[in-house]
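The chain contents come next:
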Amino acid sequence: MSYQTSHLDALEAEAVHVIREVIAEFERPVLMFSGGKDSAVLLHLALKACWPGPVPFPVLHVDTGHNFPEVIDFRDRRVAELGLRLEVASVQGAIDRGELSEDRRPGASRNRLQTHSLLRAIESAHYDAVFGGGRRDEEKARAKERVFSLRDEFGQWDPRRQRPELWNLYNTRHRPGEHFRVFPLSNWTELDVWQYIAGQGIELPTIYFAHTRHVFRRDGMLLALGPFTAPRDGAADEAPFSATVRYRTVGDMTCTAAVESLAADVVQVIAETAASRISERGATRADDRASEAAMEDRKREGYF
């Protein structure tokens, strides 16, 4: 009798292996969980990797305070359903304590401020392995990542210090103060993620599917009209309007754009994703457009 393994089965097996490797080799792992699609898939894989036992590590969200309410509601509900411990690293809390200064110019984002809160959370809890949902197809800097990405005692990333990963063998040794960012979805694509979501019946926030929203256009991107995002004074080209949109990625409202879409369910999203030739970050994340090396600069500072 012959058995045929699909590419999604192979990707799932690889991700489960990585998660189990971390559980075996590290003392204080944590999983980044924002409520977005990639972190929802990552959490689903962690449940599979640990079954029939419970997930033995907490989940961590770096909250800018400017997140989409639908996503935060989903995050809290999912954590409660699974009985997980949620740790929240608050950017607003760091601002209130005087640790960060917020840029209040029109169009400014808190996205870059996440690095400070993330590194502070890692240091205070002594996490030695931090699971993230990053994929190599998202952005050029992330394509340079290993599955196990070594970070120095300051949480910074140096591509020259990354270790070879031949035959899926991972070197997890690290000095005191160093830690690893671990990316079980490294070899997945956006299309793989959506096909896996469909096959596994993974629930997502409704923001990922077509809905009517008040938006305005800025630099060719559709931003949601809300308490933290509004047209610039006197900007006639930023007049608000109503559109049927969905989000390909979710994050800080001030720099995450929607795309016009009629894809109201997972099957329609898969068809739309298969036809797209632009990555979700390239199409919808304003902070990645700051320069050619915007993401790489943030990663070197300690960002995911």
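What counts, and at which threshold
- Residues numbered from 1 in each chain as written.
- Predicted model: local features only at pLDDT ≥ 70, side-chain atom pairs only at ≥ 80, totals over all residues.
- Heavy atoms only, no water.
- Helix = DSSP H or I, 4+ residues; strand = E, 2+ residues; numbered from the N terminus.
- Polar contact = N/O pair within 3.5 Å; in protein donor to acceptor, adjacent residues only side chain to side chain.
- Domains from an automatic or database assignment.
- Contact = heavy atoms within 4.5 Å.
- Buried area = accessible area lost by both parts, 1.4 Å probe.
- Salt bridge = Lys/Arg side-chain N within 4 Å of Asp/Glu carboxyl O.
- Nonpolar A, V, L, I, M, F, W, Y, C, P; charged D, E, K, R; others polar.
- Core = buried A, V, L, I, M, F, W, Y, C linked by side-chain atoms within 4.5 Å.
- Buried < 20%, exposed > 50% of the residue type's maximum accessible area, 1.4 Å probe, protein only.
- Pairing = 2+ DSSP bridges.
- Axes fitted to C-alpha atoms, helices over the stretch in contact; angles between N-to-C directions.
- Parallel < 35°, antiparallel > 145°, perpendicular 65-115°, else oblique.
- Left-handed = near helix turned anticlockwise from the far one by under 90°.

Can you tell me about the side chain of Glu138, naming the residues and giving the values?
Assignment of secondary structure puts Glu138 in the loop between β4 (129-131) and β5 (148-151). In terms of polar contacts, Glu138 uses its side chain to reach the backbone amide nitrogen of Arg135, at 2.7 Å.

Pulling in residues and values, what's your account of unusual backbone geometry?
Between Trp51 and the following residue, Pro52, the backbone shows a cis peptide bond with an omega angle of 10 degrees. The topology assignment puts Pro52 in the loop between α2 (37-50) and β2 (59-63). One non-glycine residue, Asn168, lies in positive phi territory at about 55 degrees.

So what's going on with the domain arrangement of the protein chain? Which residues, and what values?
When its domains are assigned, the protein chain resolves into domain 1 (7-191 + 293-301) and domain 2 (206-288). Centre-to-centre separation of domain 1 and domain 2, based on C-alpha positions: 24 Å. If you look at the interface, domain 1 gives 27 residues, while domain 2 gives 26 residues. For the pairing of domain 1 and domain 2, the buried interface totals around 2,200 Å² over both sides, and the portion due to carbon and sulfur atoms is 53%. Considering only the surface of domain 1 that becomes buried against domain 2, His66, Phe68 and Glu190 emerge as the three largest contributors, covering 31% of it. Here Arg248 ties to Glu190 by a salt bridge, and the two come within 2.7 Å at their closest N and O atoms. Where domain 1 touches domain 2, the interface holds seven residue pairs in polar contact (both at pLDDT 80 or more). Those elements giving two or more residues to the side of domain 1 that touches domain 2 turn out to be α2, α3 (69-82), α6 (190-200) and α9 (294-301). Residues that form the side of domain 1 that touches domain 2 fall into these classes: eight nonpolar, eight polar and 11 charged.

Account for the nonpolar core, naming residues and giving values.
Val41, Leu45, Phe148 and Trp188 are the most contacted members of the largest nonpolar core, which totals 57 residues. Here this core takes eight residues from α2, the largest share from any one element. Looking at which domains feed residues into this core, each of domain 1 (7-191 + 293-301) and domain 2 (206-288) gives three or more. Filtering out sequence-adjacent residues up to four positions away, Phe148 remains in contact with Val18, Glu21, Val22, Phe26, Gln162, Glu165, Tyr170, Thr172, Phe180, Arg181 and Val182. Within the second largest apolar cluster, 18 residues are counted, among which are Val30, Leu60, Ala89 and Val91.

Help me get a handle on the pairing of strand β6 (residues 179-182), residues and values and all.
Of the two faces of β6, the one lined by His179 and Arg181 and the one lined by Phe180 and Val182 are each fully buried. As paired elements, β4 and β6 share three bridges and run parallel to each other. Bridge pairing links Ala129 to Phe180 in β6. Pairing between β5 and β6: four bridges, direction antiparallel. By the bridge assignment, Arg151 is partnered in β6 with His179.

Lay out the packing of α2 against α6 in plain terms, naming residues and giving numbers.
Two numbers describe how α2 lies on α6: the axes approach to 10 Å, and their chain directions differ by 55 degrees. As the angle between them shows, α2 and α6 are arranged oblique. Crossing of α2 over α6 shows left-handed handedness. Counting all contacts with α2, which are made through Lys37, Asp38, Val41, His44, Leu45 and Lys48, the residues of α6 involved are Glu190, Val193, Trp194, Tyr196, Ile197 and Gln200.

Please provide a residue-by-residue account of the sheet that holds β5, values included.
As summarised here, the arrangement of the six strands in space is β3-β2-β1-β4-β6-β5, forming an open sheet in which the pairing is mixed. Edge strands, defined here as strands with exactly one partner in the open sheet, are β3 (86-90) and β5. Ignoring which end each strand starts from, the neighbouring axes of this sheet average 30 degrees apart. α2 rests against β1 (29-32), β2 and β4 of the sheet, and its axis sits at about 140 degrees to β1.

Residue-level account of the sheet that holds strand β10 (residues 259-260), with values.
Reading across the sheet, the four strands line up as β8-β7-β9-β10 and stay open at both edges, with antiparallel pairing between neighbours. In the strand order of this sheet, the two ends are held by β8 (221-224) and β10, each with one partner. Sheet analysis places strand β7 (residues 211-218) next to β8, joined by four bridges and oriented antiparallel. Residue pairing for β8: Arg217 is matched across the bridge by Leu222.

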